[in-house]
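Examining the three-dimensional arrangement
So the chains spell out like this:
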Amino acid sequence: MSSCLANKMAKFDGVKNYTLLEIERSQNEVTLVFRDNRFVFITSSGDEIKLEDEGVEGAELANVSEEQKRVVLGFKNGKKLVAWVENGEISAESIPE
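On a predicted model such as this, the values are computed, not experimentally measured, just so you know. Position labels on residues start from 1 in each chain and follow its written sequence. Only residues with pLDDT of at least 70 get local features here, since the model is predicted, and only at 80 or more are side-chain atom pairs given and counted; chain-wide, interface and lining totals rely on the full set of residues. For side-chain calculations, the full set of non-hydrogen atoms in the structure is used, while hydrogens and water are omitted.

Our next topic: the overall build of the chain. Here a helix means four or more residues in a row that DSSP labels H or I, a strand means two or more in a row labelled E, and each is numbered from the N terminus. Summing up its helical and strand segments, the chain has 1 helix and 8 strands in all. Along the chain, helices (α) and strands (β) appear in the sequence α-β-β-β-β-β-β-β-β when read from the amino end. The classification of residues rests on relative accessible area computed with a 1.4 Å probe and restricted to protein chains. Under 20% of the type maximum is buried, over 50% is exposed, and intermediate values are partly exposed. Per-residue burial over the chain gives 36% buried out of 97 residues. Within the chain, counting contacts between residues at least 6 apart in sequence, those at least 24 apart form 50% of the total. The contact criterion used is simple: two residues touch if any of their non-hydrogen atoms lie within 4.5 Å.

Here it is, written out as structure tokens:
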């Protein structure tokens, strides 16, 4: 496995298996608040971030995948949270890393 791919996979290790408590939204940022003061920040360089939320609050995070225009968070209950933009790019960071 390349070190770049390994770093991307490890990027969200600090929030995996933690319960999502709250989703906070603004036009160009979504903040996901997890148990024990852990966060995922999703930001857009252009368009408003659109969300498709399958009712994930209260669920434990299983995995995260990032693409140029989309971030998908998969939860242990089988539901997903998808954030995307039509134009520009989207990125996600987790704290703590």
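On we go.
Where two aromatic rings form a pair, the distance of their centres and the angle of their planes describe that pair. Only centres within 6.5 Å qualify two rings of Phe, Tyr or Trp (six-membered ring in Trp) as a pair; their planes then separate them into stacked at under 30 degrees, edge-to-face at over 60, and tilted for everything else. This structure, assessed with the given rule, holds 1 aromatic pair. The interplanar angle of 15° and the centroid separation of 5.8 Å between the aromatic rings of F39 and F41 together place this pair among those described as stacked.

Position of S44 among the secondary structure elements: in strand β3 (residues 38-44). For S44, a relative accessible area of 13% gives the class buried. For this analysis, a polar contact is any N or O atom pair within 3.5 Å, provided that within protein one partner can donate a hydrogen and the other can accept it, and provided that sequence-adjacent residues contribute only side-chain to side-chain pairs. Among the polar contacts made by the side chain of S44, one reaches the main-chain carbonyl oxygen of D47 at a distance of 2.6 Å. Contact partners of S44, with chain neighbours within four places excluded, come to N28, I49, V85, E89 and I90.

Within the largest apolar cluster, 24 residues are counted, with the highest numbers of intra-cluster contacts made by L32, F34, I42, L73 and F75. Beyond its immediate stretch of four places on either side in the chain, L73 contacts L32, I42, L61, N63, V64, K79, K80 and L81. Take the buried Ala, Val, Leu, Ile, Met, Phe, Trp, Tyr and Cys residues and link them wherever side-chain atoms come within 4.5 Å; each set so joined is a nonpolar core.

As a general point, the strands of a sheet are linked pairwise by backbone hydrogen bonds and lie either parallel or antiparallel. Here the rule is simple: two strands pair whenever DSSP picks up at least two bridges between them. Read across the open sheet, the 4 strands follow the order β1-β2-β3-β8; overall the sheet is antiparallel. Of all the strands in the sheet, just β1 (20-25) and β8 (90-95) have a single pairing partner and so form its edges. Strand after strand, the sheet turns through a mean of 15° between neighbouring axes, direction not considered. Of the pairings in the sheet, the one linking β3 to β8 comprises 6 bridges and is antiparallel in character. Bridge pairing in β8 places S44 opposite I90. Convention adopted: a line fitted to C-alpha atoms gives each axis, helices being fitted over their contacting stretch, and angles between N-to-C directions are expressed from 0 to 180 degrees.

Glancing now at unusual backbone geometry. Despite not being glycine, N17 has its phi angle at roughly 75°, a positive value. On the basis of relative accessibility, which here comes to 41%, the residue N17 falls in the partly exposed class. For N37, which is not glycine, the phi torsion reads 55° and is therefore positive. Within the fold, N37 resides in the loop between β2 (29-34) and β3.

Here we come to the pattern of salt bridges. In a structure, side chains of opposite charge can pair up when their charged atoms sit close to one another. Each reported salt bridge corresponds to a side-chain nitrogen of Lys or Arg within 4 Å of a carboxyl oxygen of Asp or Glu. Under the counting rule described, the total for this entry stands at 7 salt bridges. Ionic pairing is found between D36 and R35, a salt bridge with its closest N-O pair at 3.0 Å. Given a relative accessible area of 48%, D36 falls into the partly exposed group.

Any functional reading would require information beyond the geometric quantities listed.
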